[in-house]
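Each chain, written out:
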Amino acid sequence: QAKSTDGQGYFLFDNQLGEKLQQKTLIARYLHSALENQEFVLHYQPQVHAATGAIAGLEALIRWNHPGKGLLLPGHFIAAVEEAGLMTQLTDWVIREVCRQLSAWKREGLEIPRTSVNISNSWFYNRNLLPMLRSILDEYGLTPDCLEFEITESTALLEEHYPLLQQMRDAGILVSIDDFGTKYSSLNYLKHFPVGKIKIDRAFIVGIGQSSIDEAIIQSITFVASQLGYDLIAEGVESEHQVDFLVAHGCKYMQGFLFYRPLPAEEIRPMLSSLAYKAGKAPLQQCGSA
Ligand code: C2E
Ligand code: MG
Ligand code: MG
Ligand code: MG
């Protein structure tokens, strides 16, 4: 969220897009109507087992199909959504939309991959989350292992969330740590609730072959993950060289442009009939255990 130079209004988009909205209330109204008009859309990026190319899961990534500006990436609006207090509502929408899509594919007889949703810290507060999740899953005829929640380290560090995270895990929803290694050096939270998997942040992956520090950090992450028995996935994988390094260090699961970009549901659909995947038996189980 960039503030305008006069310190009064806000830029909803970056300066190059040149669009300024004067007041937070205006932004909120704008986002509200975007939600109502169904201008948000999910793209899905496959997560793959590098050795076989099998799809092991999907990550849902939000885009704003803006009437005037085309498809906007989250970097252009997520901060404004948060600022406007609409993140919880948007996350609810994402979860429901993922469930709707998975159940539509399921009804077509396709194998549905476990799909992860990015969950912001604010979503956890003041709500009856588990009953809400159960009722959405029931409504769409899905089991909890179809869903995975990606939380960041800053959320994982908040002890007040542990009972709920534990309950989610008990209910069968995987909870993973996104952007691992970027925020806090504390690993203490790994003791407090069962983590589904650890996603090594792209910031380290870009350093493979470039930075011995990044390579050392990746090696320590893969070591910790294998010692603790956590599944591991690398994000932002763009080259064969990165794949080779990661595989050599025991990370078998990957997500990145080398394999697939985030794609609209229609482009994911043809991949699902040939999935080497069964919901609930994710091959991610083997990750990091080399
Ligand atoms: P993230 O959860 O770490 O998602 C991965 C981001 O890396 C995505 O960007 C994806 O398109 C991008 N990416 C994947 N592979 C590669 C690659 O090989 N190279 C490069 N350069 N990038 C790659 P995207 O879709 O722009 O999303 C950015 C961030 O916005 C996400 O980071 C996540 O934190 C947030 N976000 C996305 N969707 C949602 C959502 O539904 N709710 C919330 N709260 N946040 C979301
Ligand atoms: Mg993510
Ligand atoms: Mg990530
Ligand atoms: Mg990231």
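It should be emphasised that the depicted structure is a prediction, and the values quoted were computed from it without experimental measurement.

A. Looking closely at the coordination of the magnesium ion (ligand 4). Protein-derived coordination of the magnesium ion (ligand 4) comes from Asp179 (OD) and Glu235 (OE), at a distance range of 2.2 to 2.3 Å. Between the two metals, the magnesium ion (ligand 4) and the magnesium ion (ligand 2), the spacing is 5.9 Å. Residue Asp179 is found in strand β9 (residues 174-180), and its partner Glu235 is found in strand β11 (residues 231-235); the two are separated by 56 residues along the sequence. Looking at Glu235, the relative accessible area reads 12%, which means it is buried.

B. Focus on the nonpolar core. In this structure, Phe40, Ile95, Phe149 and Met168 are the most contacted members of the largest nonpolar core, which totals 80 residues. A per-element tally of this core places helix α3 (residues 87-107) first, with nine residues. Not counting residues up to four positions away in its chain, the partners in contact with Phe40 are Leu31, Ala34, Leu35, Ile62, Arg63, Trp64, Phe77, Leu90 and Trp93.

C. The coordination of the magnesium ion (ligand 3), seen in detail. Around the magnesium ion (ligand 3), the protein contributes the donor atoms Asp178 (OD), Asp179 (OD) and Glu235 (OE), at 1.9 to 2.7 Å from the metal centre. Sequence spacing of the donors to the magnesium ion (ligand 3): D-D-x55-E. The distance between the magnesium ion (ligand 3) and the magnesium ion (ligand 2) comes to 3.5 Å, with Asp178 serving as a donor to both metals. With relative accessibility at 7%, the residue Asp178 sits in the buried group. Here Asp179 falls in the partly exposed class, since its relative accessible area comes to 26%.

D. Here's a closer look at the pattern of salt bridges. Under the defined criterion, the tally for this structure stands at eight salt bridges. One salt bridge connects Arg100 with Glu97, and the closest N-O pair in it is separated by 2.8 Å. Of this pair, Arg100 and Glu97 are both found in helix α3, three residues apart, which corresponds to roughly one turn of the helix. Salt-bridge contacts for Glu148 lead to Lys197; the nearest nitrogen and oxygen are separated by 3.0 Å. Linking Glu148 in strand β8 (residues 147-152) with Lys197 in strand β10 (residues 197-200), this pair joins segments that are 49 residues apart in sequence. Side by side, Glu148 and Lys197 carry an identical accessibility label, which is buried. Shared partners join several salt bridges into a network, and the residues in it are Glu59, Glu150 and Lys199.

Criteria and cut-off values
Residues numbered from 1 in each chain as written. Chains lettered and ligands numbered in written order. Predicted model: local features only at pLDDT ≥ 70, side-chain atom pairs only at ≥ 80, totals over all residues. Heavy atoms only, no water. Donors = N, O, S within 2.8 Å, 3.2 Å for Na, K, Ca; no water. Helix = DSSP H or I, 4+ residues; strand = E, 2+ residues; numbered from the N terminus. Buried < 20%, exposed > 50% of the residue type's maximum accessible area, 1.4 Å probe, protein only. Core = buried A, V, L, I, M, F, W, Y, C linked by side-chain atoms within 4.5 Å. Contact = heavy atoms within 4.5 Å. Salt bridge = Lys/Arg side-chain N within 4 Å of Asp/Glu carboxyl O.

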